[in-house]
Every structure is written in structure tokens, then in C-alpha cells.
Amino acid sequence: MTSTPGSDAPTGETTPRPPERGPLLRFTRAERWVHWTSSALMLVCLATAGCLYFPPLAELVGRRRLVVTVHEWCGLALPVPLLLGLGSRALRADLSRLNRFAPYDREWLRAVRRRSFRRPAGKFNAGQKLYAAWTAGAVLVMLGTGLLMWFTRLAPLVWRTGATFVHDWLAVAVAVAVAGHLYQSARDPEARRGMRTGRVDEGWAAREHPYWDAAANADRADR
Amino acid sequence: MRAGGEGPPVGRRVVLGMLGLGAAGVAAGPYLQRAVENVASKDPTGLSGLLPGGGGFRYYSVTGSVPDRTAADYTLTVGGLVEKPVSYTLADLQAMRQRRIVRDVQCVTGWRVPGTPFEGVLLADLLEAAGVRPEATAVGFGCFDGSYTESLTLDQARRDDVLVALRMQDRPLAHEHGGPVRLYVAPMYFYKSAKWLDSITLTSTVQPGYWEHFGYDVDAWVGRSNGRDDAPTA
């Protein structure tokens, strides 16, 4: 499913950018820090979960007590970067962008269902908004059910059985969602550059995120 | 500059919806879990073993790697407060009187495997053969993974549903299930049934085992310990 060679617009990395279209600030340092620490913690949670859960990995790794301890503390720490990041004005603004659904977001979702490539979006497209909200909710549920399993005297047994059930199944769903997130980023080098360096090409922004106010105003970020 | 500041707060609704679903899942979990187990128990492909909580055993080891022992190099020692310390090869154990027990296996972490046959030598027979000295009141178990330990009181160890198991599910005990020889304590949570058993030591007091140093109950009766109320397995 690759596009015809040459049909893609050239990326900023292969073609020198015209001087009047400089890179656009997409994520501040604080936002990138929140993203990368959260992703590291999430990946450690998923990897250790696999070592606790899948027999072939469990047999390979063993060391059950160590793996459990790492899993518990990384899980507990998972919401911390975002909570600290709330001190950043840029991050709060992006959270409010992620929260609200504009008419073009519904259009984006319809376009996905019809496999159309006209997918209008603001700074975040509707898929990114849903992924962010779903993952935030899932992390909170995993945290709650994980605490019930960790501190066994916190609640009666039937709660713990239910918590284990939810934690196990939601873990599989989270793994699928994260894999989808990684797949999407693997397909878009410019989006990855945005999260790595904080800056993106204006042409890319105008194409992928036409309703992003910064892209629409050609509001160049200076450094 | 409140970009996207208008429009319905779908993100918040999704987060709250997830919290609601999570709470509903915790409430309905025990029933859903049973439904999943019912389906999985009728699955001839065994693929459902990959599902969360889909039944079957889970592999827990407390060390990085466990050496393989075969009939050629396996020995089980019975020592401590006994009249005559004994050492058994796998063939010695196989030549002794065997007993087969079919009970549910219940793990303290929640999973349960129904009707699992274990077969082996009664621990009581091995204690009898070594001659327990009067000052002994407890039995300690050591494992060739190098770390795991367990213990029972002498009365618990002499029960007729406590085995030094050589076979499980009517097959020789595989390495990942603690083979060639493991302990099997039918009435207790499965952490008492130490895998890769290679030593039995009579002691004057109960020495808490590996997980018991991390808060698990020493007397691990299924349904009457560890704050759990599972149906008893024996």
C-alpha cells in the first residue's frame, strides 16, 4: 500500500525549504519531555506485562519478583509526567485542543470510514484526539485496577477478581492501541520529527493539519 | 488563542466513559470471567490459552533461569532432623508406591485450573523412610532453581493429599511445570507446591518460604488464607 513514487510532496528533509516557509513549532520542550517519559514508562509496563503474562516470555525472563516490582512502579509513575506537564501553558492549550471536537473532526472520521483521503484536521486530527482520550482513560482504569491487585487488603475479593479481569483484557487493548500509534508514526517521518525536534515543515502542517491556527496563519516560530 | 476551544468536549466524555466502563467491568468481571472460562474449557484448539485469564497454568519463576535436570542427574535428598538421611534418584522415586490425586489447582493470583491429575510418592512415605526425629516439627523444601523455598508443618506434610509429584495430567512432569519432580500440596494455594524440588529438610521450627517473606500466608489453605475466599480444593 505505498503511494506512487514521486506523487508525495517532498519532505523537508529531502528538499531545501523555501526561505519564507520555515519550520513551525509544534511541540515545546516540556510537551516532548512529557511524551517521551510517558512512552518510556508505557513501553516498560507493556514489556514487563508480557514477561509476567506470556509463558514463553515468562520462561525466558523469570525473575518474577523483580519484574512485578518494575511493572508496579512504572505503572504508578505513568500519569506523573502528564501531571507535571500541566504546569506548561502550551501543554494545557494542546489538551484543550485534544478535548474539543470541531465539525471537521466528524468529517475526518467519516472520511476514514469511506477510505477517502480528504481528511481535514486541526492541530490534531480526530484519530489523534480519540487515541489521546482513550489512552488517558485506559491508563486511569489500569491504575485503579492495578492498585486493587497490588494492595490486596484494599477491597473485598470479588472486586479483585473483577479488577484482574479488567486489567488483563484492557492490557491487551492498550497493547493494540499503542501498536497502532507506533504504526501511524512509522508511516509519517514529519510527524516523528515534530515529536523529536518540536518543529515541523509548514507545507506538511498545511497539508495534514489545515485548520491548525499556527499553520493557517503561517505563524512562524522563531528560535 | 483558544484554538479548538469550541465544539463538544468529546475527549472528556471518552475519558469518563472509559472510567465508567472500567468500573462496570470490575463489577461484572467475576461473571464475565466465568463465561470466558466456560468457553475456553470447550475449546479444542487450545488457542484460548492465550486469552487473558483463559484458563490453564501460568509460568512463574523467581529466578532468571532454571537448570534442566533429567533422570540422569536428578537427586532428591531427605535430611535434617531424621534418623538416616536418604538420597533418591528419579528411578528410585518411580519404583515407590504411587498415588494419583485429581483436584483443582488454585493460584493465589486468581487463576484456577479444574480437575488436574497429579501422581507421585506420598510425602509421608518419604518421611517415614527417613525416620523423623522427635524434635522435628516442620519440613522445609529446597529447589534446584537455587532460590525458591517452601515449608509445611509436620502435620500438614503427613496429609494423604501431599505428594512429591512425578507426573501431572498423566504425563511426566515437564520442566516448565517444575519437572522432573515438584511438591504438590492439594489443599493449599499453588505457591506451596514448589517446583523443581530437590531437597526435603526436617526442622525444629517452620522456616517461612520465598513468597512468605513478601507477605504471603505460611498456612496457605485455599479459601481460608491470603484474604481470599476461593472454593477449597481439598
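It should be noted that the structure appears before, not after, this text.
Residues numbered from 1 in each chain as written. Chains lettered and ligands numbered in written order. Predicted model: local features only at pLDDT ≥ 70, side-chain atom pairs only at ≥ 80, totals over all residues. Heavy atoms only, no water.

Could you give an account of the overall build of chain A, with specific residues and numbers?
Each helix and strand in chain A was counted, giving 11 helices and 2 strands. Along the chain direction, N to C, the helices and strands of chain A fall in the order β-α-α-α-α-α-α-α-α-α-β-α-α. A buried classification covers 40% of the 223 residues belonging to chain A. In chain A, of all internal contacts separated by at least 6 residues, the share reaching a separation of at least 24 is 66%. Accessible area of chain A: about 12700 Å², with a carbon and sulfur share of 64%. (Helix = DSSP H or I, 4+ residues; strand = E, 2+ residues; numbered from the N terminus. Buried < 20%, exposed > 50% of the residue type's maximum accessible area, 1.4 Å probe, protein only. Contact = heavy atoms within 4.5 Å. Areas by Shrake-Rupley, 256 points an atom, 1.4 Å probe, with all protein chains shown as cover.)

Describe the packing of aromatic side chains, and please don't skip the residues or the numbers.
In total, this model carries 15 aromatic pairs over all chains according to the counting rule given. Ring geometry for Tyr210(B) versus Trp211(B): centroids 5.2 Å apart, planes at 90°, classification edge-to-face. Assessed through its relative accessible area of 15%, Tyr210(B) is described here as buried. Residue Trp211(B) is classed as buried on the basis of its relative accessible area, which comes to 12%. An aromatic cluster is defined as three or more aromatic residues linked by ring pairs; in this entry it consists of Tyr148(B), Tyr191(B), Tyr210(B), Trp211(B), Phe214(B) and Tyr216(B). Lying across the ring of Trp108(A), Arg119(A) places its NZ or CZ 6.0 Å from the centre. Lying across the ring of Phe117(A), Arg119(A) places its NZ or CZ 5.6 Å from the centre. (Phe/Tyr/Trp six-rings, centres within 6.5 Å; stacked < 30°, edge-to-face > 60°. Lys NZ or Arg CZ within 6 Å of the ring centre and 35° of its normal.)

Give a description of the interface of chain A and chain B that names residues and reports values.
The partner chain B presents 45 residues to the 43 residues of chain A that form the contact. Approximately 3800 Å² of surface area, both sides summed, lies buried where chain A meets chain B, with 64% of it carried by carbon and sulfur atoms. Seen at the junction of chain A and chain B, the total is 8 residue pairs in polar contact (both at pLDDT 80 or more). Breaking the side of chain A that touches chain B down by element, the ones donating at least two residues are α1 (29–53), α2 (55–61), α3 (64–77), α5 (89–99), α7 (126–150) and α8 (157–186) of chain A. By residue number, the principal contributor to the side of chain A that touches chain B is α8(A), which donates 13 residues. Classifying every residue of the side of chain A that touches chain B gives 25 nonpolar, 7 polar and 11 charged. (Buried area = accessible area lost by both parts, 1.4 Å probe. Polar contact = N/O pair within 3.5 Å; in protein donor to acceptor, adjacent residues only side chain to side chain. Nonpolar A, V, L, I, M, F, W, Y, C, P; charged D, E, K, R; others polar.)

Describe the sheet that holds strand β2 (residues 86–89) of chain B, with residues and values.
All names here are of chain B. Spatial strand order, β2-β1-β10-β5-β6: 5 strands in an open sheet with mixed pairing. Here the strands that pair on one side only, and so sit at the sheet edges, are β2 and β6 (149–153). If you compare each strand with its neighbour and ignore which way they point, the axes differ by 15° on average. Here strand β5 (residues 138–143) pairs with strand β10 (residues 197–203) via 6 bridges, running antiparallel. Bridging from a neighbouring strand, Phe141 pairs with Ile200 of β10. Along the sheet, helix α3 (residues 123–130) makes contact with β1 (75–80), β2, β5, β6 and β10, crossing β10 at roughly 60°. (Pairing = 2+ DSSP bridges. Axes fitted to C-alpha atoms, helices over the stretch in contact; angles between N-to-C directions.)

Go over the nonpolar core, please, and point to the residues and values.
Counting residues in hydrophobic clusters, the biggest one holds 47 residues, and the most contacted among them are Leu76(B), Leu93(B), Leu123(B), Leu127(B), Ile200(B) and Leu202(B). Contributions of two or more residues to this core are made by β1, α2 (90–95), α3, β5, α4 (154–157), β7 (162–168), β9 (182–185) and β10 of chain B. If one sorts the elements of this core by residue count, α3(B) sits on top with 4 residues. Beyond its immediate chain neighbours, meaning those up to four positions away, Leu93(B) contacts Tyr74(B), Leu76(B), Tyr88(B), Gln98(B), Val121(B), Leu126(B), Leu166(B) and Val181(B). Core analysis: the second largest hydrophobic core is formed by 17 residues, Val141(A), Met142(A), Phe165(A) and Met18(B) among them. (Core = buried A, V, L, I, M, F, W, Y, C linked by side-chain atoms within 4.5 Å.)

Please set out unusual backbone geometry residue by residue, giving values where relevant.
Most of the time, phi is negative for any residue but glycine, and the peptide bond is trans. Along the chain, Gly179(B) connects to Pro180(B) via a cis peptide bond; the corresponding omega equals 5°. Structurally, Pro180(B) can be placed in the loop between β8 (171–172) and β9. In this structure, Arg115(A) is a non-glycine residue whose phi angle is positive, near 55°. Tracing the backbone through its elements, the reader meets Arg115(A) in the loop between α6 (103–113) and α7. Here the phi dihedral of Asp170(B) falls at roughly 60°; this positive angle occurs in a residue that is not glycine. Looking at where Asp170(B) falls in the secondary structure, it is placed in the loop between β7 and β8.

No statement about biological role is implied by the geometric values presented.
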